[in-house]
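So the chains spell out like this:
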Amino acid sequence: MKLDVIFRVAAKIFIPFMLVFALYVQFHGDFGPGGGFQAGVVAAAMVIFYAIIFGLDAAQRIFPQRLVELMVPAGVAIFAGVGVVSLFLGSEYLDYSRLLHDPVHGQHIGILLVEIGVLVTVAGTMVAIFYSFIGRGR
Amino acid sequence: MDLLQAIVAHYNHWIIIFLMVSGLYIVVARGNMIKKLVGLGLFQTSVYLLYLSPGKILGGTPPIISEQHTVYSNPLPHVLILTAIVVGVATLALGLALVVRINEAFGTIEEDEIFAGEEDE
Amino acid sequence: MVLLTLLAAITVGIVRMRNLFAVVVLGGIYSFLMASVMIVLDAVDVAMTEASVGAGISTVLMLAALHLTKTEEAVPTHTPLLPLFVAVATGIVLVFGTFALPSFGVAETPMNMHVAPYYLQNSIPDTSVPNVVTSVLSSYRGFDTLGETTVIFTAGIAVLMLLKGKRELKPGPKRRRIRR
């Protein structure tokens, strides 16, 4: 797909900032607005933006279809895995208090891990859906 | 004066009901399937507002705890709606995928034309 | 209040418009307005999600689906009187119901007195996370969120099943009959 040079340069400038913003939203979600759902959607929007400007093939070289489809179940596995780990450490399922020596820190780290799981699933699902819609049109 | 107070107190509910009813109307009256999905989205967003607006407390701030504030709006509906939005877009994508497949099988996305085609058989 | 009125105006546009492309673009505007309303309602997390999901992802998906189908809606064959009647009747019943609801912005409603103060007071001592929405989402109600993630996972798998693979080029018998 040949597009105007302005689009390409603007995309190249914007995309790193979009990724940084997604990570900021992810890891600052404890203190300000944000969290796994929003960060996942912003990260997926970055991939979709890249695919719109540079074409589907270029996007699939960087984020291959297999990786994206792997991300969909991997996030759920991370989320459920945290629950199972807390089960083995002697507390209830998805109760993060025993993840670290201190219950409060355990809760905090548990929230971060779970949010990463949510991020992976949401981003993977959105990109996979987008790929399948666009791939259908060709 | 009473009327004015009633309007101010319930304006949010009335707008929510208007959005809900127009979503319902689109889903029932229009035969185009993508339009139906848009109507479903309207209905859905009206439910988001229905959950969020009673949680707002006048003079409250967003529920991020800090030293300067004491009154916070209710965080529980925010949590429910946050997940509902993302689930909503996932189900919307599923609906669109079904519409695309219907278009490939029948060559149209209008309900009436599909029914007409089936009656001919 | 102004924002809510604008939302209603956009809705009228969406109902009346027959060009689906315009409907989708209006839907994007609707989502941004909805996000602004949510900021006014103090739901900053939700507003962020709505702005990125409603105006971003779902608009892109709708446009992709329009690309695969048609962009013009057919003129309806039967009169919309019955659906209109059903919709208006439902609306009147619902408006009648609103007079029993608590008015806007009051703090002493049952909803705001029940379990929310517990979350607001205990979030910092329990989890050291100041954003109560995050702590409720992933700690107090982690099981809910696991369920939601599973729903997204299931929907993604279903879309992949429906749309992946090559398009079958042979047209079915129904397709030819309709196209005549």
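One numbering rule holds for all chains: residues counted from 1, following each sequence as written. Chains carry letters and ligands carry numbers; both start at the beginning, A for chains and 1 for ligands, and go up in the order they are written. Since the coordinates come from a predicted model, pLDDT governs what is reported: local features require at least 70, and pairs of side-chain atoms require 80 or more to be given and counted, while whole-chain, interface and lining totals use all residues. Based on all heavy atoms of the structure, the side-chain values leave hydrogens and waters out of the count.

(A) The overall build of chain A, seen in detail. In terms of regular secondary structure, chain A is built from five helices and zero strands. Segments assigned H or I by DSSP are reported as helices when at least four residues long, segments assigned E as strands when at least two residues long, and all are numbered from the N terminus. Listing each helix as α and each strand as β along chain A from the N terminus yields α-α-α-α-α. Taking the principal axes of the C-alpha coordinates as reference, chain A spans close to 60 × 30 × 20 Å. Note on exposure labels: buried denotes an accessible area under 20% of the residue type's maximum, exposed denotes more than 50%, and partly exposed covers the range between, all computed with a 1.4 Å probe on protein chains only. Residue burial in chain A is summarised as follows: out of 138 residues, 48% are buried. Contacts are assigned to residue pairs with any non-hydrogen atoms lying within 4.5 Å of each other. Taking the intrachain contacts of chain A between residues at least 6 apart in sequence as the baseline, contacts between residues at least 24 apart amount to 62%.

(B) Expanded view of the overall build of chain C. On a plain count of helices and strands, chain C comes out with nine helices and zero strands. Walking chain C from its N terminus toward its C terminus, one meets helices and strands in the order α-α-α-α-α-α-α-α-α. Relative to all contacts within chain C whose residues are 6 or more apart in sequence, the contacts with residues 24 or more apart total 44%. With the model as given, the accessible surface of chain C reaches about 9,300 Å², and the carbon-plus-sulfur share is 71%. Accessibility throughout is a Shrake-Rupley quantity obtained with a 1.4 Å probe, and a residue counts as covered only by protein chains that appear here.

(C) Representation of the interface of chain B and chain C in the model. Counting residues at the interface gives 81 residues for chain B and 89 residues for chain C. In total, about 8,100 Å² of surface goes out of reach between chain B and chain C, with carbon and sulfur atoms giving 75% of it. The working definition used for a salt bridge is a side-chain nitrogen of Lys or Arg within 4 Å of a carboxyl oxygen of Asp or Glu. On inspection of chain B and its partner chain C, the count reaches zero salt bridges. For the purposes of these results, a polar contact is taken to be a pair of N or O atoms within 3.5 Å, where, inside protein, one atom must be able to donate a hydrogen and its partner to accept one; residues adjacent in sequence count only when each atom of the pair is a side-chain atom. Put simply, chain B and chain C have four residue pairs in polar contact (both at pLDDT 80 or more) between them. Accessible area, probed at 1.4 Å, shrinks when two parts are joined; the buried area is that loss added up over both.

(D) Spotlight on the confidence of the model for chain A. For every residue, the predictor states its confidence as a pLDDT score lying anywhere from 0 to 100. On average, residues of chain A score 83 in pLDDT, and 96% of them reach the 70 mark or higher. Within chain A, no element has a lower average pLDDT than helix α3 (residues 56-62) of chain A, which sits at 84, and none a higher one than helix α2 (residues 36-54) of chain A, at 87.

(E) View of helix α2 (residues 20-40) of chain C. Here the expected length of a helix is defined as 1.5 Å per residue gap, with one fewer gap than residues. Between its terminal C-alpha atoms α2 of chain C stretches 30 Å, which fits the 30 Å expected from 21 residues at 1.5 Å a residue. One or two steps after α2 of chain C, the chain reaches Asp42 of chain C, where phi turns positive at roughly 70 degrees.

(F) Quick look at the pattern of salt bridges. Residues and elements named next belong to chain B. Applying the stated rule across the entire model yields one salt bridge over all chains. The salt bridge involving Glu104 is made with Arg101; its shortest N-O contact spans 4.0 Å. Taken as a pair, Glu104 and Arg101 lie in helix α3 (residues 75-106) at a separation of three residues, close to a single helical turn. Among the residues examined, Glu104 registers a relative accessible area of 17% and is labelled buried.

(G) Quick peek at the interface of chain B and chain A. Each partner contributes to the interface: chain B provides 11 residues, whereas chain A provides 10 residues. Between chain B and chain A the total buried area reaches about 820 Å² when both faces are included, carbon and sulfur atoms providing 81% of it. Area buried by chain B at its contact with chain A is led by Ile64, Leu82 and Val86 of chain B, which between them contribute 45% of it. Connecting chain B to chain A are zero salt bridges. Looking at the side of chain B that touches chain A residue by residue, the classes come out as eight nonpolar, one polar and two charged. Any residue outside Ala, Val, Leu, Ile, Met, Phe, Trp, Tyr, Cys, Pro, Asp, Glu, Lys and Arg is labelled polar, Gly included; the first ten of those are nonpolar and the last four are charged.

(H) Seen up close, the nonpolar core. The criterion is simple. A nonpolar core is a set of buried Ala, Val, Leu, Ile, Met, Phe, Trp, Tyr and Cys residues joined through side-chain atoms within 4.5 Å. Judged by nonpolar contacts, the single largest core of 112 residues is most densely connected at Phe133 of chain A, Ile34, Leu49 and Leu96 of chain B together with Leu7 of chain C. Viewed by domain, this core spans two of them, domain 1 (1-72) and domain 2 (108-149) of chain C, each represented by three or more residues. Those residues in contact with Ile34 of chain B that sit more than four places away from it in its chain are Leu96, Val99 and Ile109 of chain B together with Leu20, Met62, Ala65, Leu66 and Thr69 of chain C. Boundary definitions for the domains trace back to an automatic or database domain assignment.

(I) Local environment of the side chain of Ser31 of chain C. Relative to the helices and strands, Ser31 of chain C is located in helix α2. Ser31 of chain C has contacts with Glu50, Gly54 and Ala55 of chain C, leaving out every residue within four places of it along the chain.

(J) Quick look at the domain arrangement of chain C. On domain assignment, one finds that chain C holds domain 1 (1-72) and domain 2 (108-149). A straight line from the C-alpha centre of domain 1 of chain C to that of domain 2 of chain C covers 29 Å.

(K) Structural view of empty space enclosed by the protein. Put simply, the grid is 1 Å and covers the protein atoms alone, a cavity is a trapped set of points that fit a 1.4 Å probe, a pocket is an open set with protein on both sides within 12 Å along at least five of seven lines, and lining residues have an atom within 4 Å of a point. Grid points are joined across faces, edges and corners, and a volume is the space filled by probe spheres set on the points. As enumerated under the stated definition, the model contains one cavity of 30 Å³ or more in all. Counted as a void, the largest cavity has a volume near 370 Å³. Lining the largest cavity are 23 residues, and of these Gly41 and Leu92 of chain B together with Ser31, Gly54 and Ser58 of chain C lie nearest its centre. Of all the elements in the fold, those that place two or more residues in the lining of the largest cavity are α2 (33-55) and α3 of chain B together with α2 and α3 (44-68) of chain C. At seven residues, α2 of chain B tops the list of elements feeding residues into the lining of the largest cavity.

(L) Representation of the confidence of the model for chain C in the model. Residues at a pLDDT of 70 or more form 88% of chain C, whose mean pLDDT is 77. In this model residues 170-180 of chain C is a low-confidence stretch, pLDDT under 50, and it forms 13 contacts with partners more than four residues away in sequence or in other chains.

(M) A look at the packing of α3 of chain B against α3 of chain C. Helix axes are fitted to C-alpha atoms over the stretch in contact, other axes to C-alpha atoms as well, and angles between N-to-C directions run from 0 to 180 degrees. Where α3 of chain B contacts α3 of chain C, the two axes come as close as 10 Å, and the packing angle between them is 0 degrees. Regarding the angle of α3 of chain B to α3 of chain C, the classification is roughly parallel. Here α3 of chain B contributes His78, Ile81, Leu82, Ile85, Val86, Val89, Leu92, Ala93, Leu96, Val100 and Asn103 of chain B to the contact with α3 of chain C, which in turn contributes Asp45, Val46, Thr49, Glu50, Val53, Ile57, Ser58, Leu61, Met62, Ala65 and Leu68 of chain C. Looking at the contact of α3 of chain B with α3 of chain C residue by residue, the classes come out as 16 nonpolar, four polar and two charged. The scheme is simple: roughly parallel for angles under 35 degrees, roughly antiparallel for over 145, roughly perpendicular for 65 to 115, oblique for anything else.

(N) Focus on the environment of Thr134 of chain C. Residue position: Thr134 of chain C is located in helix α7 (residues 132-140). Each C-alpha atom of the pair Thr134 of chain C and Asp45 of chain C lies 8.9 Å from the other, and the pair is 89 residues apart in sequence. Not counting residues up to four positions away in its chain, the partners in contact with Thr134 of chain C are Gly29, Asp30, Gly34, Ile111 and Glu115 of chain A together with Val129 and Ser139 of chain C.

(O) Seen up close, unusual backbone geometry. The phi angle at Asp42 of chain C is positive, at roughly 70 degrees, despite the residue not being glycine. Position of Asp42 of chain C relative to the elements: it lies in the loop between α2 and α3.

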